[in-house]
Amino acid sequence: MTTGTPRFRLGFLTHVQGHGNDVARTYRNAQELFVAADELGFDVGWVAQHHVSLGGGGLSSPWTFLAHAAAKTTRIRLGTAITILPLEDPVRLAEDVAAVDTLSGGRVELGVGSGSSDVEYAAFGQDVARKRELTSENLEVLRRALANEEVRTPGFRIQPTAADFTDRIWQGVFSGQGARYAATGGSNLLLNRAAYGFDAATDEVQRPWADAFLAAWDGPYRPRVGLSRFVFPAKDKDTALRQIGDDVHRAALRFAENGAFPKGLDRDEALRRFHSFYGPPEEIVTALRQEKVLPVATDLITQFNPAVPDHDAAIRALELIATEVAPALGWKPATKPATEPGP
């Protein structure tokens, strides 16, 4: 493992949701978030893949979406957190990833995971009980394809030729064992906004996972730890709660039906279970300074999900994250390239 301190990168994650049934508007608004984040200096924009509708949207085809985002932005990196790997043909996925990376000038970050929806697995003809095995099998093929090795038959390599993805593959994990597995395979670590099935605070649960990942790492480059957190700054807590409170509460009650959270949670407990940081920027900064995983994270990935704030409020929240919250934690915005790309 190399020495030195990795740069603190700032990201945002969208699940591409909106209010109502106007999915076209929801997708346009999500694209506008990428444009705004690009202009604000965010380092990475992430999307989550969902094949089952989340209500008001959800993104089943992330690489198509990111190809469009690549054309509308100039420097922000483009990633998935995550692509559901067992439901993808890894060779076909590698082709899409290589194409978007080529179109974007090498800006892709590839996050993969196993997902969890029985319905999604059934729809794609896969056995959810084999999700870990399928993830491992497909990741091996995906890595070989992106390394431009022959895959599946002599003489076949993906095209376009992939750039170096050695340090650009991430895995979402939900345990210390999963974190160690990601490290031994050479993947960067993605930690979710909430630790499901635990009563303790999310950061208390996840810090040992991050430590296990770092202890198991023996790769030739410095590993990255991506920390996803619910962050919604506003002028005060009441304003923030008007935008996020009901959505977060409803989501927690849905999660309780599947056993991820206890049943009968009130709104405050729902916000705690989702490890939420909301309200005035200065209060969020104070709270994040107490966050137990952040000191070992190389990437802070902010998100509003499961809340679906109004689009103007979402843009304003991104502005506050980039201008007040993240700088107070030591982040500096990226600069635009010296010359803008041509048409």
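These numbers come from a predicted model, not from an experiment.

So what exactly am I meant to see when it comes to the overall build of the protein chain here?
Each helix and strand in the protein chain was counted, giving eleven helices and nine strands. Dimensions of the protein chain along its principal axes, counting C-alpha atoms only, are 60 × 50 × 45 Å. For the protein chain, with 343 residues in total, the buried portion stands at 52%. Here the analysis covers contacts within the protein chain between residues at least 6 apart in sequence; of these, 75% occur between residues at least 24 apart. Within the protein chain, one finds 37 positive and 43 negative side-chain charges whose respective centroids are separated by 2 Å.

What am I meant to see in the nonpolar core here?
The tendency in soluble globular proteins is for nonpolar side chains to be buried as a group. Phe42, Leu142, Leu146, Leu191 and Phe232 are the most contacted members of the largest nonpolar core, which totals 93 residues. The dominant element in this core, judged by the number of residues it contributes, is helix 11 (residues 311-328), at nine residues. In this structure Phe232 touches Ala240, Gln243, Ile244, Phe277, Tyr278, Gly279, Ile284, Phe304, Pro309, Ala313 and Ala317, once residues within four positions along its chain are discounted. Grouped together as the second largest cluster of nonpolar side chains are 13 residues, Ala48, Ile82, Tyr121 and Leu134 included.

Even after reading the chapter, I still don't get the pattern of salt bridges, so can you show me in this structure?
It is possible for side chains bearing opposite charge to pair when their charged atoms get close. Taken as a whole, this structure holds 21 salt bridges when the rule is applied. Put simply, Arg130 and Glu137 hold a salt bridge, and the shortest N to O gap is 3.8 Å. Judged by its relative accessible area of 30%, Arg130 is partly exposed. Residues Arg157 and Glu150 are paired through a salt bridge, measuring 3.7 Å at the closest nitrogen-oxygen approach. Connected through salt bridges with shared partners, the residues Arg9, Arg77, Glu109, Arg224 and Asp299 form a single ionic network.

What am I meant to see in empty space enclosed by the protein here?
Where empty space is left becomes clear once a probe the size of a water molecule has been rolled over the atoms. Throughout the structure, instances matching the rule amount to one cavity of 30 Å³ or more. Along its surface, the largest cavity is lined by Ala195, Phe198, Asp199, Ala200, Ala201, Thr202, Phe261, Arg272 and Arg273. In terms of residue class, the lining of the largest cavity is made up of five nonpolar, one polar and three charged.

Would you explain the pairing of strand 1 (residues 9-14) in this entry?
Within a regular strand, side chains alternate between the sheet's two faces. The buried fraction of strand 1 is high, at six of six residues. Across five bridges, the pairing between strand 1 and strand 9 (residues 299-303) is parallel. The partner of Phe12 across the bridge, within strand 9, is Thr302. As defined by bridge partners, strand 1 adjoins strand 2 (residues 44-47) across four bridges and the pair is classed as parallel. Note on strand 2: the bridge partner recorded for Gly11 is Val44. Crossover strand 1 to strand 2 through helix 1 (residues 23-40) is right-handed.

Help me out: how do you make sense of the environment of Thr74 in this one?
Tracing the backbone through its elements, the reader meets Thr74 in the loop between helix 2 (62-72) and strand 3 (77-84). Among the residues examined, Thr74 registers a relative accessible area of 24% and is labelled partly exposed. C-alpha separation for the pair Thr74 and Pro160, spaced 86 residues apart in sequence, amounts to 21 Å.

Even after reading the chapter, I still don't get helix 1, so can you show me in this structure?
Residues lying three or four places apart along an α-helix face the same way, a consequence of the helix completing one turn every 3.6 residues. The first and last C-alpha atoms of helix 1 sit 26 Å apart over 18 residues, in line with the 26 Å expected at 1.5 Å per residue. Within helix 1, the full set of buried residues consists of Thr26, Ala30, Gln31, Leu33, Phe34, Ala36, Ala37 and Asp38. Among the structural elements, strand 1, strand 2, helix 2, strand 3 and helix 11 are those in contact with the buried residues of helix 1.

I tried to follow the packing of helix 2 against helix 3 (residues 90-104) on my own but got confused; where do I start?
Packed helix pairs are specified by the crossing angle of their axes together with the interaxial distance, meaning the distance between the axes. Between helix 2 and helix 3, whose axes approach to 9 Å, the crossing angle comes to 5°. Relative to helix 3, the element helix 2 is oriented roughly parallel. Packed against helix 2, whose contacting residues are Trp63, Leu66, Ala67 and Ala70, the element helix 3 presents Leu93, Asp96, Val97, Val100 and Ser104 at the interface. Of the residues that constitute the contact of helix 2 with helix 3, the class distribution is seven nonpolar, one polar and one charged.

Can you help me understand the layout of surface pockets in this one?
Roughly 410 Å³ of internal volume is contained in the second largest pocket. Gln17, Gly18, Asn29, Val308 and Pro309 are, among the 25 residues lining the second largest pocket, the residues nearest its centre. Looking at the lining of the second largest pocket, the elements with two or more residues in it are strand 1, helix 1, strand 9 and helix 11. The dominant element in the lining of the second largest pocket, judged by the number of residues it contributes, is helix 1, at five residues. Of the residues contributing to the lining of the second largest pocket, the split by class is eleven nonpolar, eleven polar and three charged.

Explain the side chain of Lys131 here, please?
Tracing the backbone shows Lys131 in helix 5 (residues 131-146). Buried charge without a partner: Lys131 forms no salt bridge, and the closest opposite charge is Asp118, 7.2 Å away. Among all residues touching Lys131, those that are not within four sequence positions of it are Pro86, Ser114, Gly115, Ser116 and Tyr121.

What counts, and where the lines are drawn
- Residues numbered from 1 in each chain as written.
- Predicted model: local features only at pLDDT ≥ 70, side-chain atom pairs only at ≥ 80, totals over all residues.
- Heavy atoms only, no water.
- Helix = DSSP H or I, 4+ residues; strand = E, 2+ residues; numbered from the N terminus.
- Buried < 20%, exposed > 50% of the residue type's maximum accessible area, 1.4 Å probe, protein only.
- Contact = heavy atoms within 4.5 Å.
- Lys, Arg positive; Asp, Glu negative; His and termini not counted.
- Charge placed at Lys NZ, Arg CZ, Asp CG, Glu CD.
- Core = buried A, V, L, I, M, F, W, Y, C linked by side-chain atoms within 4.5 Å.
- Salt bridge = Lys/Arg side-chain N within 4 Å of Asp/Glu carboxyl O.
- 1 Å grid on protein atoms, 1.4 Å probe; cavity = no way out; pocket = protein on both sides within 12 Å on 5 of 7 lines; lining within 4 Å.
- Points joined across faces, edges and corners; volume = space filled by probe spheres on them.
- Nonpolar A, V, L, I, M, F, W, Y, C, P; charged D, E, K, R; others polar.
- Pairing = 2+ DSSP bridges.
- Right-handed = clockwise from strand over helix to strand, strands pointing away.
- Expected span 1.5 Å × (residues − 1).
- Axes fitted to C-alpha atoms, helices over the stretch in contact; angles between N-to-C directions.
- Parallel < 35°, antiparallel > 145°, perpendicular 65-115°, else oblique.

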